[in-house]
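Structure assessment
Now for the letters of each chain:
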Amino acid sequence: MPKKLKYRGRIAQTGIYFGKLIRMFVYQNDWKVLPMAALIGGLVTFAVGTNMFVTQEGTMNGCFALTCVCVWNGCFNSIQVICRERPIIKREHRSGAHITSYIAAHMIYQMLLCIAQTAIILTICHFAGIKYPETGLISGSFIIDFGISMFLITYAADMMSLAISAVVKNTTAAMTVMPFILMFQLIFSGGLIILTGPAENVTNFTITKWGLNSLCALGDFNSQPMVSLWNTLWQVRPYEIGGLQPVKEFTDYIRKNNMLDQFLQDSGAYGAKEAFASTMDNVIGCWMVLILMIILFALSATIILEFIDRDKR
Amino acid sequence: MNTLDWIYAGYEIVSAVLFTAGLWMIFRKCRRKGWHALVPGLRYYEIGVIGGRESDGIKAMVLDLLSAVFKTATDYIPQESTFYGLAMIAYLMVQTAALVLRIRVVMGMLRTFRLKKRWIFLWIAANWIPSLLFGFSKKYQPLDLGLYDDDELLAGTSPALIDGAIDDDPSDDGLVVHVQNRMIRSHGRKRYLLKDINLTVPNGSLVLLLGGSGAGKTTLINAINGYEKAKASIMLNGTDIYRNYKKMKYRIGYVPQQDLMRMNDSVMATLNDAALLRLPKSVSRAERKERLESTVETLGLSGRANGLVVKKSGGQKKRISIGMELIADPELFILDEPDSGLDGVIARELFEKLRLIADSGRIVIAVTHTPDRVADLFDKVIVLARDSGKVGRLAFYGSPDEAREFFERDTMEKIVMTVNSKNEGGEGRADEIIEKYAKLTAERGAAANA
C-alpha cells in the first residue's frame, strides 16, 4: 500500500501567501498606500482645524473627516488586490491552493497595513495641533481607544473592498464600482446629511455610521458646547419684529452678563444624540458591529472566490 | 381617430405581420421552429441563437417582457402619481437596453447570413423589409449550417467501435483517454463540446495537439486533467484521474497560454512558492532546493534566475511558467500554446526543453498554432476537428508521419487547414476526415480482435 502523500494545509499556505504579499509590498509598490495615507490625513486635518474635541461642531466635522479618511484608505488598500490577479489565483487553485489561506493571508496583511495607516493618521493629527483628551472610555488611554475605532473603520472598509475585488472580474470594473461605494458610505453615514424615514434604516448597513458613532462617543461629543446656535443668532441680530429686535436684545443680555460660556454649554445639551452617548456599552456596541462586518465581508470574499473555477477562460 | 392615425395603425399591423412572416421563414431556413416568430421576446432569443449570441438573445427576451410590464404600468398608473414617473423611467431604461441588445443579436444574425453591417440601419428603420428579404429570398442563405444537430452522432464514430480497439490494451502505463462526451448546459439547452475522443499515450511521449479555433483543444485538455470533468474515463499510469482528483491534481502540470504569475515577484521566490504549494510536505528543504536548482537548469534559466519576473524576456517568462509546474515533477504535463508570442528560435529551444522533459519518462502534451517548426520533435499528433454539428471530435491520432500520410498533406499546418471550416480559410472537410478516421480505427480494432 503506497504511503498517502500529504500536502501543505491551510495554515502553511497562509504563510506562503503572506510571504508573497510582503514581497508584493516591496516590489509591487504596494507600500505607496502608506505615504498616501499620510498625504490624505494631512490634507483632512488641515481642513478640520483645531476645534476637534473642543466643540460639538469641531468634533463632528473632525470625526466625520477622519471616518472618510479611514474608509478611503481601507477601500484603496484592497479594491484591486484580488481582481488584478484573478487568473493567477485560478491557476493556483487548480494546483492545490486553498482560497481560505489566500483570504486569511490577505486579512493578516491588510490588518497590518490598516494598523500602520491608523498610526500615521493619529500622528499627523497630533502634529496638526489636535489636542486629544487624556482619558479613554475603554482602555483608559484615549489614543488607544480612538486608534482602535479608526483601525476598525479602516479594516472594515478594507474587507468590504476585498469582497468587491473578489466579485468583479477586472480592475476597470473595480474602479467603476468604487465611487458608488464611497458615495453610499459617505451619504448614508448620517453625518453629512440628516436622513429620515426608510433612508435612516439604510444607515445601519454602513461602516461610516458605526465608525462615526464610536468616534463621536469616544470624543465625548454630547458633553461639548455647541457654537453653531450662537453663531446663527449673532448673524440674525438685526432682525426686527414689531419695531423690536428680540435677537439683539437676547444676545446682548447674554454677553453683558458673561453668560456666553454657560449658553454654549447648555445649548450643547440640546445637540446631544443618543447614538453618541459616551458610554462603554455604546462604543463596544459600535466596535462589535464593525467586527461583524469585517467577518461577513471576509466570509463573502472567501465564498465568492471559491467559485473562481467557473470563470470563463 | 383621424385618417392619419388610421393609416399609421394600418401600417403598424401590416408591418408586424410581414415582419413575423419573414422571421418565420428565417427561423425555418436556420432549422429553428418557425412558430417562435409569433412570440414577442422569444423571437429575439431565436435571432440570438442564429447569430451565435444566445446569451444576448435571452437578455433581449427578458427585457422585452419587462418593457411590456412597464408599458402596461404606465397605461394604468395615474399620471400625477410618483409611481408613474418611476415606471416611465424604468420603461425608458429597459427600452434603451433592449434596443442595444436587439442590435447586438441582429448583428450576429447578419454575420450568419454573411451580410454587411449596414443592414442594421434598415432593420431599425423598417425591420419587416430585411426580415422578408432574408426569409423568402433564396439569395440570402445562412452560413455554416451543419448536416448534423449537435447532439447527433456522426455515422461510424460510435464509442463501441473505437473502444474495441483500445480496451484490448491491458497496459497500465501512460495516459488512457476515453471521452464519451463533454456536455454543457447553456441556457437550459444541452450543448456538446466534445465527443468520442479515445486514445492511449505511452509514457515518455511528446504529443502535439492540433486543431482549429473551437475544435475543443482546451476543452480536451481540461477534460484530461480533470479540471472540467467530462463523461469520460481518464487513466494516468493506472489511476483514474477523476476518481482520485484530489491526489492526482498534484501529478498533473498544466501550463496555461498566458504567463499567469505575479510579475513583481522574484523568479526564485515564484518557483519556490510553486514548489511549496505543489510538493508533498515530506519533501525536505534540501530536496526542494535541489529540485529548484534542477528545474532552473533544465529550463536553461541558470544565471537568469535572479531579479523580478517582469524584467525577463517573453521566452524566459514562459520557461518560468513551465518551471512552476515542472518543479513538482508531474507525470503528465500539458501546455497550452507555450510558444505564443515567441520567435522561431526561442520557440524551438523551448520545445527542445519539452522533448528533454518527455525523454525523462513524462507525458508532455502541447498545443501550438505553429507546429511545423517543431514537428520533428513530437512522437504523436492528436488532430481535433469541429464537425458540422459544432462538436469537437478526434480526426486523427498517431505519429506525425502517419498524420501526413493519412491527410495526404506534407505539413501540420496544411493538415489543420484540411479540417478547418471554410469560414476560417480551411477546406471544410472535418466531417469527411472524422468519418475516415473512425473507419480506420474500427478496422484496426477489428484486426486487433481477430
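As the structure is a prediction and not an experimental result, all values here were calculated from the model. Residue numbering note: each chain is counted from 1, following its sequence as written. Just so you know, chain letters begin at A and ligand numbers begin at 1, following the order they were written in. Under the rules for a predicted model, residues below a pLDDT of 70 receive no local features and side-chain atom pairs below 80 are neither given nor counted, while totals for whole chains, interfaces and linings still include all residues.

1. As for the overall build of chain A
Put simply, DSSP H or I for four residues or longer makes a helix, DSSP E for two residues or longer makes a strand, and each gets a number counted from the N terminus. Within chain A one finds 13 helices and 0 strands. Counting helices and strands in the order they occur from the N terminus, chain A gives α-α-α-α-α-α-α-α-α-α-α-α-α. In terms of its C-alpha atoms, chain A occupies a principal-axis envelope of roughly 105 × 35 × 35 Å. Each residue is classified by how many other C-beta atoms fall within 10 Å of its C-beta atom, where C-beta atoms are placed from the backbone; a count of 20 or more means buried, 12 or fewer means exposed, and values in between mean partly exposed. Each of the 313 residues in chain A was classed as buried or not, and the buried ones make up 41%. A sequence separation of at least 24 residues applies to 79% of the contacts in chain A between residues at least 6 apart. The contact criterion used here is simple: two residues whose C-beta atoms, placed from the backbone, lie within 7 Å are in contact.

2. Things to note about the overall build of chain B
If you tally the helices and strands in chain B, you get 16 helices and 10 strands. Considering chain B as a whole, with its 450 residues, one finds that 42% of them fall into the buried category. For chain B, the proportion of contacts with a sequence separation of at least 24, taken over those separated by at least 6, is 68%.

3. With respect to the pairing of strand 3 (residues 206-211) of chain B
Two faces belong to every sheet, and in a regular strand the side chains alternate between them. Residue and element names in this part refer to chain B. Judged by how many residues are buried, strand 3 sits mostly within the fold: 6 of 6 residues are covered. Pairing geometry for strand 3 and strand 8 (residues 363-367), over 4 bridges, is parallel. Bridge pairing in strand 8 places Leu 208 opposite Ala 366. Two strands pair when backbone bridges link them, and strand 3 and strand 9 (residues 380-386) are joined in this way by 5 bridges, in the parallel orientation. Along strand 9, the bridge assignment pairs Leu 208 with Val 381. Note: two strands are recorded as paired if DSSP finds a minimum of 2 bridges between them.

4. A look at the nonpolar core
The biggest cluster of nonpolar side chains holds 163 residues, and the ones touching the most others in it are Ala156(A), Leu290(A), Val207(B), Val364(B), Val383(B) and Ala395(B). Counting residues per element, this core draws most heavily on helix 6 (residues 142-167) of chain A, at 14 residues. Sequence-distant contacts of Val383(B), defined by excluding residues within four places in its chain, comprise Leu210(B), Gly211(B), Ala395(B), Phe396(B), Ala403(B), Ile415(B) and Val419(B). The term nonpolar core refers to a set of buried Ala, Val, Leu, Ile, Met, Phe, Trp, Tyr and Cys residues connected through C-beta atoms within 7 Å. Among the nonpolar cores identified, the runner-up in size contains 28 residues, and Ile26(B), Ile47(B), Val49(B) and Phe134(B) belong to it.

5. Focus: the sheet that holds strand 9 of chain B
Residue and element names in this part refer to chain B. Strand order in this open sheet of 10 strands is 5-4-1-2-10-9-3-8-7-6, and the pairing throughout is mixed. Two strands lie at the open edges of the sheet, namely strand 5 (239-240) and strand 6 (252-255), each paired on one side alone. Relative to strand 8, strand 7 (residues 332-336) runs parallel, the two being bridged by 5 bridges. Bridging from a neighbouring strand, Leu 332 pairs with Ile 363 of strand 8.

6. Overview of the domain arrangement of chain B
What counts as a domain boundary in this text is fixed by an automatic or database domain assignment. Taken as a whole, chain B is organised into domain 1 (3-145) and domain 2 (175-449). Distance between the C-alpha centres of domain 1 of chain B and domain 2 of chain B: 44 Å.

7. A word on unusual backbone geometry
A positive phi angle, close to 70 degrees, is found at Phe53(A), a residue other than glycine. Overall, the presence of 20 C-beta atoms within 10 Å leaves Phe53(A) in the buried class. One non-glycine residue, Asp329(B), lies in positive phi territory at about 55 degrees. Secondary-structure assignment places Asp329(B) in the loop between helix 12 (314-326) and strand 7.

8. Here we look at the interface of chain B and chain A
Residue-level contacts link 21 residues of chain B with 21 residues of chain A. Of all the elements, helix 10 (residues 267-278) of chain B adds the most residues to the side of chain B that touches chain A, at 5 residues. Any residue outside Ala, Val, Leu, Ile, Met, Phe, Trp, Tyr, Cys, Pro, Asp, Glu, Lys and Arg is labelled polar, Gly included; the first ten of those are nonpolar and the last four are charged. Split into classes, the residues belonging to the side of chain B that touches chain A amount to 11 nonpolar, 4 polar and 6 charged.

9. As for the packing of helix 10 of chain B against helix 12 of chain B
Between two packed helices, both the angle of their axes relative to each other and the distance between the axes serve to describe the pair. Residues and elements named next belong to chain B. Note on geometry: axes are C-alpha line fits, over the in-contact stretch for helices, and angles between N-to-C directions span 0 to 180 degrees. Where helix 10 meets helix 12, the axes come as close as 8 Å, and the angle between the chain directions of the two elements is 25 degrees. By the angle class used here, helix 10 and helix 12 are roughly parallel. Every pair of crossing elements has a handedness; the one defined by helix 10 and helix 12 is right-handed. Of helix 12, the residues touching helix 10 (which contributes Val 267, Thr 270, Leu 271 and Ala 274) are Ile 320, Gly 323 and Met 324. Across the contact of helix 10 with helix 12, the residue classes break down as 5 nonpolar, 2 polar and no charged. Note on terminology: angles under 35 degrees are roughly parallel, angles over 145 are roughly antiparallel, angles of 65 to 115 are roughly perpendicular, and the others are oblique. Crossings are sorted by hand: turned counterclockwise from the far helix by less than a right angle, the near helix makes the crossing left-handed, and turned clockwise it makes it right-handed.

10. Structural notes on the environment of Ser267(A)
Residues and elements named next belong to chain A. Its location among the elements puts Ser 267 in helix 12 (residues 260-270). Separated by 121 residues in the primary sequence, Ser 267 and Phe 146 place their C-alpha atoms 26 Å from one another. Apart from the residues lying within four places of it in its own chain, the contact partners of Ser 267 are Met 226 and Leu 229.

11. Quick look at helix 15 (residues 412-419) of chain B
Residue and element names in this part refer to chain B. Residues of helix 15 that are buried: Met 412, Ile 415, Val 416, Thr 418 and Val 419. Taken end-on, helix 15 shows its buried residues confined to a sector of 150 degrees, consistent with a single buried face. Of the surrounding secondary structure, the elements contacted by the buried residues of helix 15 are strand 3, strand 9, strand 10 (392-398), helix 14 (400-407) and helix 16 (430-449). Here the arc refers to the directions that run from the helix axis out to each C-beta atom.

12. Points about helix 4 (residues 82-112) of chain B
Residues and elements named next belong to chain B. Multiplying 1.5 Å by the helix residue count minus one yields the expected span of that helix. Its 31 residues place the ends of helix 4 45 Å apart at the C-alpha level, agreeing with the 45 Å of an ideal helix rising 1.5 Å per residue. Among the residues of helix 4, Ala 87, Val 94, Ala 98, Leu 101, Arg 102, Arg 104, Val 105, Val 106, Gly 108, Met 109 and Thr 112 are the ones counted as buried. Next to the buried residues of helix 4 lie helix 2 (42-50), helix 3 (54-76) and helix 5 (119-125). Where helix 4 ends, the next residue or the one after it, Arg 114, has phi of about 55 degrees, a positive value.

13. Some remarks on the packing of helix 6 of chain A against helix 9 (residues 207-218) of chain A
Residue and element names in this part refer to chain A. Where helix 6 meets helix 9, the closest approach of the two axes is 9 Å, and the angle between their N-to-C directions is 175 degrees. Between helix 6 and helix 9, the angle is such that the two are roughly antiparallel. Contact with helix 6, carried on its side by Asp 145, Phe 146, Ser 149, Ile 153, Ala 156, Ala 157 and Met 160, involves Ile 207, Gly 211, Ser 214, Leu 215 and Leu 218 of helix 9 and no other residues of that element. Class assignment for the residues of the contact of helix 6 with helix 9 results in 8 nonpolar, 3 polar and 1 charged.

14. A few points about the environment of Ile99(A)
Within the element layout of this structure, Ile99(A) appears in helix 5 (residues 99-127). If we ignore the near neighbours within four places in the chain, the residues touching Ile99(A) are His93(A), Thr302(A), Leu305(A) and Glu306(A).

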